[in-house]
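Below, each chain spelled out in residue letters.
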Amino acid sequence: MLHEMAIDRRSVEGGARSQVALGATYEGRDPSLLECMLPLVDYIEVTLETIAEVKDGKIALSEEVMEEIRDIGDAAQIIVHGVGLSIGSHEGWSPTYLDLLDDFTEQVDVAWHSEHLGYTKVDGEHLGIMLAMPKTEEALTMVCERVNAIQDRYRMPFLLENIVHVIPDFPGDYNDAGFLNALTERTGCGLILDVYNLECDAHNHGFDVQAFLQELNKECVRELHVACGVEHNGFLLDVHSQLTRSSTVALAQQVVRQSPNAEVVIYEFMPEAVPGLGYDAIAAQLARLRDAFTG
Amino acid sequence: MDIAAHQRKLLGLIRSTYQAGDSDDAYIQRVATSKDLEEAQRNIFLWRIYVLERTARLTFNLLKRRNLLEAALSSFIERHNISPFRETQAPAFLEEMSSHSDGLIAAVAQFELALSKVREGDMGRYAVQWNVEPHGILNSLAKDLPLEEDAPEGIYQILVSYDLPHQFRIVTLLPEVH
């Protein structure tokens, strides 16, 4: 079980747990950043699409970045977080992504892997953004079949993440929590709860986060994401360009207390944000999160 | 509900290639007129900005200096099937900008594309024609500084190849024309 790996990091006080491990995204080609993060994190989250490059007309993992990741060794556990599987595309997922995952898992020990519950392409045409699934029975059946196939293919835990709703929600058969509950019940997969995405949905669409959390089966939550983007025209955008807000950390702390199997909180930021944020600010952010979540 | 049809219509709305009409269901009509759709498109734009600012720096900075960035990027997003694999985005963008109607933008994009290919192991040799002296322009773009007002005109060529120091050399074919 996933939670057995980090059980020694936790403290249980009156049944409410407040401590989990800490992780951060790393997308390669910035060894100074990795050096400043490693003493502060327990997990490094790798997104395969961002460490891939085109070689002889084919998309493949960057050897340079793979060497960096292999060199992490025991300094942190590695988890893989995809953005390009497109598990919800009507025509099927991206085989290119799974080829990369095959290659990666042959070279590196991975604690678990995950994807977003959504789709990024339609008939091979890329949306340029990720859209949430319509929460219908038909969509649920389709996604469950694919989750089961992935779990059969990779003998390691697989998690799905709630994504931000960038367009109005389709009036389906389930609400958000009900869809996730049915998905985890039918497949046994775990969940990543991105609490910044919940905040975006609350800000942009009046989403009731507390009602969602009340209904969600939080035993399935294994990982949390915290991040921060920018506000534009009154919309909170899911771009990982900023340091986290205190409200995001507070919400993540609440979810951790309520989720008995949560393992890790990951601070997500994109490599393009690093020059603007600076190494010192990122390290200070991780130190604050470490205080907030690891005690 | 037909998932395929649903997703195809949303793709069309996001890419501005589909106009919702009376025959569409209420949901598609609602999305088509929503402010959320505009913001989703803005979100896509911002992600492209973040990636290309890093991976196509010279061309990006020149477009920005000429106030052509928004138009160029919007056109690129609308017309191209942009992969989520980030490292594929800059070559596609630079290829598109290589035929820009502004000769300097085209020349900078051709140079930057050739240089990125050679730095990734391409053994080819490339020659890019310029009609202004490239040193000052490239220096300004690399440092994101204002462009020189009166860059000397002439006929120049930038050779790009793996076996050159720094992988490129500027050659003056016909010096400044008065």
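Look up: the structure comes first, before these words.
## Remarks on the overall build of chain A
For step 1, the next point in the chain: Each helix and strand in chain A was counted, giving 11 helices and 16 strands.
For step 2, the next point in the chain: Relative to the 2.2 N^0.38 estimate, which gives 19 Å for 295 residues, the radius of gyration of chain A is 18 Å and therefore close to what a compact globule would have.
For step 3, the next point in the chain: Sorting the 295 residues of chain A into buried and exposed places 62% on the buried side.
For step 4, the next point in the chain: Residue pairs at least 24 apart in sequence account for 76% of intrachain contacts in chain A once pairs closer than 6 positions are excluded.
For step 5, the next point in the chain: Carbon and sulfur atoms make up 47% of the accessible area of chain A, which totals about 10,800 Å².
For step 6, the next point in the chain: Looking at chain A, you have 19 positive and 49 negative side-chain charges, and the mean spots of the two groups are 4 Å apart.

## What to know about the sheet that holds strand S3 (residues 168-174) of chain B
Residues and elements named next belong to chain B.
For step 1, the next point in the chain: The antiparallel open sheet is built from three strands, whose spatial order is S1-S2-S3. Both edges of this open sheet fall to strand S1 (125-132) and S3, since each of them pairs with a single strand only. In this sheet, neighbouring strand axes are inclined to one another by 25 degrees on average, regardless of whether the strands run parallel or antiparallel.
For step 2, the next point in the chain: Across seven bridges, the pairing between S1 and strand S2 (residues 153-161) is antiparallel. Bridge assignment links Trp130 to a residue of S2, and that residue is Tyr156.
For step 3, the next point in the chain: Where helix H8 (residues 134-143) meets the sheet, its contacts fall on S1, S2 and S3, and the angle it forms with S1 comes to roughly 100 degrees.

## What to know about the packing of helix H4 (residues 57-65) of chain B against helix H7 (residues 103-119) of chain B
All names here are of chain B.
For step 1, the next point in the chain: Axis separation between H4 and H7 bottoms out at 8 Å; the angle between their running directions is 165 degrees. Comparing their axes, H7 and H4 come out roughly antiparallel. Seen along the crossing, H4 lies across H7 with a hand that is left-handed. Two secondary-structure elements touch here, H4 through Arg57, Leu58, Thr59, Leu62 and Leu63 and H7 through Leu104, Ile105, Val108, Ala109, Phe111 and Glu112.
For step 2, the next point in the chain: Of the residues in the contact of H4 with H7, the class split is eight nonpolar, one polar and two charged.

## Some words on the layout of surface pockets
For step 1, the next point in the chain: The volume enclosed by the largest pocket comes to roughly 1,200 Å³.
For step 2, the next point in the chain: Broken down by secondary-structure element, the contributors of at least two residues to the lining of the largest pocket are strand S5 (52-55) of chain A together with helix H3 (35-55), H4, helix H6 (89-97), H7 and H8 of chain B.
For step 3, the next point in the chain: Counted as a void, the second largest pocket has a volume near 260 Å³.
For step 4, the next point in the chain: If you go around the second largest pocket, you meet 13 residues; those closest to its centre are Ile14, Ser16, Gln41, Ser74 and Ile77 of chain B.
For step 5, the next point in the chain: Of all the secondary-structure elements, those providing two or more residues to the lining of the second largest pocket are H3 and helix H5 (69-79) of chain B.
For step 6, the next point in the chain: Ranked by the residues each element gives to the lining of the second largest pocket, the list is headed by H3 of chain B, at five residues.

## Looking at the pattern of salt bridges
For step 1, the next point in the chain: Evaluated as defined, the whole model comprises 19 salt bridges over all chains.
For step 2, the next point in the chain: As a salt-bridge pair, Arg42 of chain B and Glu70 of chain B come within 3.9 Å of each other at their nearest N and O atoms. Here the residue Arg42 of chain B occupies a position in helix H3, and Glu70 of chain B occupies one in helix H5, the gap between them amounting to 28 residues.
For step 3, the next point in the chain: By relative accessible area, Arg42 of chain B is classed as partly exposed at 25%.
For step 4, the next point in the chain: Because the salt bridges share partners, they merge into one network encompassing Lys135, Asp169 and Asp176 of chain A.

## Concerning the environment of Ile44 of chain A
All names here are of chain A.
For step 1, the next point in the chain: With respect to the secondary-structure elements, Ile44 resides in strand S4 (residues 43-46).
For step 2, the next point in the chain: The buried category is assigned to Ile44, whose relative accessible area is 0%.
For step 3, the next point in the chain: Separated by 58 residues in the primary sequence, Ile44 and Asp102 place their C-alpha atoms 19 Å from one another.
For step 4, the next point in the chain: When near neighbours in sequence (up to four residues on either side) are disregarded, Ile44 contacts Ala24, Tyr26, Leu34, Met37, Leu38, Ile72, Ala76, Gln77, Ile78 and Ile79.

## A few points about the pairing of strand S16 (residues 264-267) of chain A
Residue and element names in this part refer to chain A.
For step 1, the next point in the chain: What you see with S16 is no split at all: Val264 and Ile266 on one side and Val265 and Tyr267 on the other are buried throughout.
For step 2, the next point in the chain: In this sheet, S16 lies alongside strand S3 (residues 21-25) in parallel orientation, the contact comprising four bridges. Bridge pairing in S16 places Leu22 opposite Val265.
For step 3, the next point in the chain: Two strands pair when backbone bridges link them, and strand S13 (residues 221-226) and S16 are joined in this way by four bridges, in the parallel orientation.

## Observations concerning unusual backbone geometry
All names here are of chain B.
For step 1, the next point in the chain: The backbone phi angle of Ser16 is positive, close to 60 degrees, even though this residue is not glycine.
For step 2, the next point in the chain: Relative to the helices and strands, Ser16 resides in the loop between helix H1 (3-14) and helix H2 (26-32).
For step 3, the next point in the chain: When its relative accessible area of 43% is taken as the criterion, Ser16 is described as partly exposed.
For step 4, the next point in the chain: Positive phi values are uncommon outside glycine, yet Gln167 reaches one of about 70 degrees.
For step 5, the next point in the chain: Looking at the secondary structure, you find Gln167 in the loop between S2 and S3.
For step 6, the next point in the chain: Since its relative accessible area comes to 23%, Gln167 is described here as partly exposed.

## Notes on empty space enclosed by the protein
For step 1, the next point in the chain: For the structure on display, the rule yields four cavities of 30 Å³ or more.
For step 2, the next point in the chain: By volume, the largest cavity amounts to about 670 Å³.
For step 3, the next point in the chain: Lining the largest cavity are 34 residues, with Val83, His116 and Met130 of chain A together with Trp47 and Arg86 of chain B positioned closest to its centre.
For step 4, the next point in the chain: Of all the secondary structure elements, the ones that give two or more residues to the lining of the largest cavity are strand S10 (125-132) of chain A together with H3 of chain B.
For step 5, the next point in the chain: Per-class residue counts for the lining of the largest cavity are 12 nonpolar, 13 polar and nine charged.
For step 6, the next point in the chain: Of the pockets and cavities examined, the second largest cavity occupies roughly 160 Å³.
For step 7, the next point in the chain: Along the wall of the second largest cavity there are 14 residues; nearest its centre are Lys135, Asn162, Ile163, His165 and Asp176 of chain A.
For step 8, the next point in the chain: Counting residues per element, the ones that place at least two in the lining of the second largest cavity are helix H6 (176-187) and helix H7 (195-205) of chain A.
For step 9, the next point in the chain: Broken down by element, the residue count for the lining of the second largest cavity peaks at three residues, all from H6 of chain A.

Cut-offs used in this document
Residues numbered from 1 in each chain as written. Chains lettered and ligands numbered in written order. Predicted model: local features only at pLDDT ≥ 70, side-chain atom pairs only at ≥ 80, totals over all residues. Heavy atoms only, no water. Helix = DSSP H or I, 4+ residues; strand = E, 2+ residues; numbered from the N terminus. Rg over C-alpha atoms; globule rule 2.2 N^0.38 Å. Buried < 20%, exposed > 50% of the residue type's maximum accessible area, 1.4 Å probe, protein only. Contact = heavy atoms within 4.5 Å. Areas by Shrake-Rupley, 256 points an atom, 1.4 Å probe, with all protein chains shown as cover. Lys, Arg positive; Asp, Glu negative; His and termini not counted. Charge placed at Lys NZ, Arg CZ, Asp CG, Glu CD. Pairing = 2+ DSSP bridges. Axes fitted to C-alpha atoms, helices over the stretch in contact; angles between N-to-C directions. Parallel < 35°, antiparallel > 145°, perpendicular 65-115°, else oblique. Left-handed = near helix turned anticlockwise from the far one by under 90°. Nonpolar A, V, L, I, M, F, W, Y, C, P; charged D, E, K, R; others polar. 1 Å grid on protein atoms, 1.4 Å probe; cavity = no way out; pocket = protein on both sides within 12 Å on 5 of 7 lines; lining within 4 Å. Points joined across faces, edges and corners; volume = space filled by probe spheres on them. Salt bridge = Lys/Arg side-chain N within 4 Å of Asp/Glu carboxyl O.

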